[in-house]
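Descriptive analysis of the structure
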Amino acid sequence: VTVAFARPETLEQAFEALHGDEDAHMLAGGVSIVLLMGSGLMAPTTLVSLARVAGMDGIETSGEVLDIGARSTHHTIATDRAVAARIPAAAELFSLIGNVRVRMAGTVGGNLAHADPAQDPVVLLSVLGAQAVVAGPTAERLVAVEDLADGPLSPTLEHDEIITRVRVPWPSDGEVSSYVKFLSGTYDDYATVSVGCRLVRDSSGEVTDASLAAGAVGPTVVMLEQPAQLVGTRAEPDVLDELERAVTDSVSPNPDRRGSADYKRAMTGVVAARAVRKALASDQLAAASR
Ligand SMILES: Cc1cc2nc3c(=O)[nH]c(=O)nc-3n(C[C@H](O)[C@H](O)[C@H](O)COP(=O)(O)OP(=O)(O)OC[C@H]3O[C@@H](n4cnc5c(N)ncnc54)[C@H](O)[C@@H]3O)c2cc1C
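Below: a short report on this structure. (Residues numbered from 1 in each chain as written. Predicted model: local features only at pLDDT ≥ 70, side-chain atom pairs only at ≥ 80, totals over all residues. Heavy atoms only, no water.)

1. Things to note about the overall build of the protein chain
Regarding its fold elements, the protein chain presents 10 helices and 14 strands. Scaling as 2.2 N^0.38, a compact globule of 290 residues should have a C-alpha radius of gyration of about 19 Å, and the protein chain matches this with 19 Å. With the principal axes as the frame, the protein chain shows a C-alpha extent of 60 × 45 × 35 Å. With 290 residues in all, the protein chain has 49% of them scored as buried. The contacts of the protein chain with a sequence gap of at least 6 include a subset with a gap of at least 24, amounting to 60%. Entry remark: accessible area of the protein chain is about 13,600 Å², with carbon and sulfur atoms responsible for 51%. Between the centroid of the 23 positive side chains of the protein chain and the centroid of its 38 negative side chains there is a distance of 8 Å. (Helix = DSSP H or I, 4+ residues; strand = E, 2+ residues; numbered from the N terminus. Rg over C-alpha atoms; globule rule 2.2 N^0.38 Å. Buried < 20%, exposed > 50% of the residue type's maximum accessible area, 1.4 Å probe, protein only. Contact = heavy atoms within 4.5 Å. Areas by Shrake-Rupley, 256 points an atom, 1.4 Å probe, with all protein chains shown as cover. Lys, Arg positive; Asp, Glu negative; His and termini not counted. Charge placed at Lys NZ, Arg CZ, Asp CG, Glu CD.)

2. A few points about the side chain of D67
Relative to the helices and strands, D67 resides in strand β5 (residues 65-69). By relative accessible area, D67 is classed as buried at 14%. The contacts of D67, once residues within four sequence positions are left out, are G58, I59, E60, R165, V166 and R167.

3. Looking at the pairing of strand β7 (residues 140-144)
Here strand β6 (residues 131-135) runs beside β7; their pairing, made up of five bridges, is antiparallel. The residue of β7 that forms the bridge with A132 is V143. What sits between the antiparallel neighbours β6 and β7 is a turn of four residues. (Pairing = 2+ DSSP bridges.)

4. Here's the deal with helix α1 (residues 11-18)
Among the residues of α1, L11, A14, F15 and L18 are the ones counted as buried. Across the axial projection of α1, the buried residues extend over an arc of 100°, all falling on one side. Exposed positions of α1 whose direction lies more than 90 degrees from the buried face are E12 and E16. In this structure, the buried side of α1 is in contact with β2 (24-27), β3 (46-49), β6 and β10 (162-169). (Arc of directions from axis to C-beta.)

Everything listed here is a matter of geometry and, on its own, says nothing about what the molecule does.
Right, dumping it as structure tokens:
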């Protein structure tokens with residue numbers, strides 16, 4: 001079997017290479033697609049490399065939003081100074097993905113498009129309100145990152161739509177966030193359960209807005225509804241105990257090789273409460289260093 005290789009330099013050339021051939025696929029870092037090809041799950045006729053396509057690189061930190069080129073590797077994002085200073089939870093998340101080889105090659109666009117429900121980025125980016133800029137042959141649209149997949153390895157993108165950038169709102173006043181990746185095996189594994197957390201507090205310390213999402217416990221990222229319980233509280237220990245119970249009751253994960261359904265369910269509650277505590281502690285750390 002021969003696989004053709006296209007190396008477009010513009011989006012238009014990329015659309016042309018993808019046009020009319022459902023078996024032509026994009027190649028970003030190659031980290032996941034090459035494994036799928038090796039295992040026979042994917043048999044592209046053409047690989048359309050995104051390596052040279054203009055407009056998909058760079059991390060722009062001077063504007064209204066954090067604007068990340070889809071071709072940015074996990075390593076590049078993890079080590080960006082502005083990201084680390086202003087959204088430390090995001091820098092930490094990207095530094096926790098897989099191992100150094102995966103982080104040096106894997107891209108944020110490829111990660112979101114691959115749509116493995118145990119992946120990390122969407123779990124935090126969704127609670128931060130991130131949107132993917134999706135370019136198609138006739139139009140560009142913005143898609144909330146949690147809407148990029150409707151099942152495992154099942155992106156909602158059209159065959160010839162390309163994620164070009166990921167836009168993340170900068171935190172507002174009083175906003176803190178955290179990411180907790182719970183690993184039951186080796187440190188470089190995919191998450192057993194993970195939770196992204198975003199909290200906004202007023203000057204008195206009362207929570208005015210809260211979002212939590214969980215990874216590896218459903219066919220796609222699970223946006224949790226229980227954070228509403230945090231609003232109007234100071235996330236005191238009894239509130240967090242109640243949150244833990246409610247989150248545990250709300251999820252129905254499938255068992256996988258990292259844990260039984262019951263184990264993952266119980267850990268989702270534990271990790272959610274941990275993520276809230278971590279977000280609050282990050283604020284205290286920042287205050288101490290000011
Ligand atoms: C050993 C190992 C461990 C890993 N551990 C983790 C982990 O702990 N956490 C985690 O989150 N991930 C993990 N990953 C996945 C990793 O993050 C990959 O980087 C990511 O899934 C794919 O990125 P890529 O750039 O290599 O995409 P590719 O493999 O090149 O492409 C993946 C898919 O996305 C499509 N695609 C690529 N770019 C775009 C785009 N811009 N627009 C539209 N479609 C596009 C491709 O056509 C293909 O279908 C791991 C992978 C491996 C092999």
